[in-house]
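Coordinates in review
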Amino acid sequence: MNASEKLFEARALSAFYGRVHALKPTTVWVGEGEFVTVLGPNGAGKSTMLRAMTRLTPATGRVYFRGRDITGLATHERAREGVIMVQEGRGLFGQMSVRENLILGAYTMTGSDTAEQRLESVFALFPRLKERYEQVAASLSGGEQQMLAIGRALMARPKLLMLDEPSLGLAPRVASEILETLGRLNGEGLGILLVEQKAPQALKLAKRVYVLSLGAVVAELPAAEIKSHHELSRYYLH
Ligand SMILES: Nc1ncnc2c1ncn2[C@@H]1O[C@H](COP(=O)(O)OP(=O)(O)OP(=O)(O)O)[C@@H](O)[C@H]1O
Ligand SMILES: [Mg+2]
C-alpha cells in the first residue's frame, strides 16, 4: 500500500512515563476504510499508543494523516482533521444530559451539515440514546454510556475512530452489539483502530491485527491468519 492510500500512520512513535519506556519506537498504520485491531495483555502499552497518536500523552516520532505530516498538531487540531478517540473510561460529562454530551462532540464542526442532522444520525445508530436524550449521562447503564461515548465521537464526523477497549466491563450481549455497530460504521467507510484485550469478535471484524507486548509491536498480520498461528489463536480466540 503506498503512502496516499494510508489514512493514518504513526512512525517510530515512542512514549515515556518518567523513566518507564511505555511505548518503544512503534510504527502502526490504518488504511483508508480499514478496520485494524490492536491486541495485547494488561500494561502492554495499548492505551499509551492511542494516547500518543492523539497527543494526549507526549511522544516522539512522527504522525501522518492521508500522507500529510500532522506531528505538530495538538489533540484538538488532530480531531479537526478527523482523528478522534473514544477513551477508556469514556470521559463523559456525568451531570450533563445525553443530548448535551453529544452536542459537545460536534465542537470541531467543519462540514456543511448541522449539529441537529448529526444528532439524528447518531440516534438512528443508537435508538436507545434517543429514548434517553434528556437523561444525565451518569444515570445511563454501562452499555448506554459506551454508546454515548461513541455517539459523541461520531458527532465530529471522524475519518479515523480509535477506541480503547469499548467492551470493557460490559455484558457480552451489549459488548457484541457495540462491536457490531463498529462493523457497520466501517462498512460505511469509516477507518477504525480498535484496542481490545481479548475479543474473538474484534478479530472477526478486523482486516489486520497488531499485537503489542511490553511496549512494542511483536506481531502484525492479517486477522484471518490468527487462526493458523498456534500461540496467538490459543490466546486470543478462546
Ligand atoms: N500515567 C502513567 N504514569 C506512569 N506509568 C504509566 C502511566 N500510564 C501507564 N503507565 C505504565 O505504562 C505501561 C503501559 O500502560 P498502558 O495503560 O498503555 O497499557 P495497556 O496496554 O493499555 O494496559 P490495559 O490493558 O491494562 O489497559 C504500564 O506499565 C503502565 O503501568
Ligand atoms: Mg489500556
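Residue numbers run consecutively from 1 along every chain, following the written order of its sequence. Chain labels run from A onward and ligand labels from 1 onward, assigned in the order the entries are written. Reporting of local features is limited, given that this is a predicted model, to residues whose pLDDT is at least 70; pairs of side-chain atoms are given and counted only at 80 or more, and all residues count toward the totals for whole chains, interfaces and linings. The side-chain quantities take in all heavy atoms of the structure and omit both hydrogens and water.

With respect to the overall build of the protein chain
Numbered from the N terminus, helices here are DSSP runs of H or I no shorter than four residues, and strands are runs of E no shorter than two. A tally of helices and strands in the protein chain yields 9 helices and 10 strands. Viewed in the frame of its principal axes, the protein chain has a C-alpha envelope of about 45 × 40 × 35 Å. In the protein chain, which comprises 238 residues, the proportion classed as buried is 50%. A separation threshold of at least 6 residues defines the contact pool for the protein chain, and within that pool the share at least 24 residues apart is 67%. Areas reported here follow the Shrake-Rupley algorithm with a probe of radius 1.4 Å; residue values treat only the protein chains shown as occluding. Within the structure as shown, the protein chain displays about 11,100 Å² of accessible surface, and the carbon and sulfur contribution to it stands at 53%. The charge count treats Lys and Arg as positive and Asp and Glu as negative. His and the chain ends do not count. For this purpose, a charge sits on NZ of Lys, CZ of Arg, CG of Asp or CD of Glu. Positive and negative side-chain charges of the protein chain, numbering 29 and 24 respectively, have mean locations separated by a distance of 4 Å. Throughout, exposure labels follow a simple rule: accessible area from a 1.4 Å probe, protein chains only, divided by the maximum for the residue type, with under 20% read as buried, over 50% as exposed, and the rest as partly exposed. A contact between two residues is defined here by any heavy atoms of the two lying within 4.5 Å.

A short note on the nonpolar core
Residues belong to a common nonpolar core when they are buried Ala, Val, Leu, Ile, Met, Phe, Trp, Tyr or Cys residues joined through side-chain atoms within 4.5 Å. Ranked by size, the top nonpolar core spans 49 residues in total, and within it Ile 150, Leu 161, Leu 182 and Val 209 carry the most contacts. There are two domains that each give this core at least three residues, and those are domain 1 (1-82 + 161-182 + 191-238) and domain 2 (90-157). Discounting chain neighbours no more than four positions away, the residues touching Val 209 are Thr 37, Leu 39, Leu 203, Ala 219, Glu 220, Leu 221, Ala 223 and Ile 226. Core analysis: the second largest hydrophobic core is formed by 28 residues, Phe 65, Ile 70, Leu 73 and Leu 193 among them. Residue ranges assigned to each domain were obtained from an automatic or database domain assignment.

Examining the packing of aromatic side chains
The aromatic pairing rule takes the rings of Phe, Tyr and Trp, using the six-membered ring of Trp, and pairs them if the centres are within 6.5 Å, calling planes under 30 degrees apart stacked, those over 60 edge-to-face and the rest tilted. Within the structure shown, the criterion is met by 1 aromatic pair. Note on Phe 123 and Tyr 133: the rings are 6.2 Å apart at their centroids and 65° apart in plane angle, and the pair reads as edge-to-face. Here Tyr 133 lies in the loop between α5 (127-131) and α6 (142-154) and Phe 123 lies in helix α4 (residues 115-125), a separation of 10 residues in the sequence. The exposure class assigned to Phe 123 is buried, which follows from its relative accessible area of 7%. Positioned over the ring face of Trp 29 is Arg 208, at 3.8 Å from the centre of the ring. We count a charge as sitting over a ring when the NZ of a lysine or the CZ of an arginine lies within 6 Å of the ring centre and within 35 degrees of the ring normal.

Details of the sheet that holds strand β6 (residues 83-86)
The criterion for strand pairing is that DSSP finds at least two bridges linking the strands in question. Spatial ordering of the open sheet is given by β6-β7-β8-β3-β9-β10, a layout of 6 strands whose pairing is mixed. Only two strands of the sheet have a single partner each, and these edge strands are β6 and β10 (216-222). Averaged over all pairs of adjacent strands, the angle between their axes in this sheet comes to 15°, without regard to strand direction. Sheet topology places strand β3 (residues 35-39) next to strand β8 (residues 191-195); 4 bridges connect them, and they run parallel. The angle between two axes is taken between their N-to-C directions and runs from 0 to 180 degrees, where each axis is a line fitted to C-alpha atoms and a helix contributes only its stretch in contact.

Description of the side chain of Asp 164
In this structure, Asp 164 sits in strand β7 (residues 160-164). There is no salt bridge for the buried Asp 164, and the closest opposite charge comes from Lys 46, which lies 6.6 Å off by N-O distance. Under the rule applied, a polar contact is a pair of N or O atoms within 3.5 Å (in protein, one hydrogen donor and one hydrogen acceptor; residues adjacent in sequence only if both atoms are side-chain atoms). Side-chain polar atoms of Asp 164 contact the side chain of Ser 47, separated by 2.6 Å. Salt bridges are defined as contacts in which a side-chain nitrogen from Lys or Arg sits within 4 Å of a carboxyl oxygen from Asp or Glu.

Topic: the side chain of Glu 34
Within the secondary structure layout, Glu 34 lies in the loop between β2 (20-31) and β3. A relative accessible area of 4% places Glu 34 in the buried class. Engagement of the side chain of Glu 34 in a polar contact is seen with the backbone nitrogen of Gly 31, the distance being 2.8 Å. With near-sequence residues (within four places) excluded, Glu 34 lies in contact with Trp 29, Asn 186, Leu 190, Gly 191, Ile 192, Lys 207 and Arg 208.

What about the site of ligand 1?
By convention in these notes, a residue is near a molecule or strand provided one of its non-hydrogen atoms lies within 4 Å of it. Taken together, 13 residues lie near ligand 1, and Asn 42, Gly 43, Lys 46, Ser 47 and Thr 48 sit nearest. Between Ala 44 and ligand 1, the recorded distance is 3.1 Å, taken from a backbone N or O atom to an oxygen atom. Within the side chain of Ser 47, a nitrogen or oxygen atom sits 2.8 Å from an oxygen atom of ligand 1. For ligand 1, the accessible surface in isolation is 640 Å², of which the surrounding protein chains cover 59%. In terms of residues, the shell around ligand 1 owes the most to one element, helix α1 (residues 46-53), which gives 3 residues. Ten residue types, Ala, Val, Leu, Ile, Met, Phe, Trp, Tyr, Cys and Pro, are classed as nonpolar, four, Asp, Glu, Lys and Arg, as charged, and the remainder, Gly among them, as polar. A per-class count over the shell around ligand 1 returns 4 nonpolar, 6 polar and 3 charged.

A word on the environment of Ser 176
Relative to the helices and strands, Ser 176 resides in helix α7 (residues 172-187). Note on Ser 176: relative accessible area 22%, which makes it partly exposed. It is 24 Å that separates the C-alpha atoms of Ser 176 and Met 49, two residues lying 127 residues apart in sequence.

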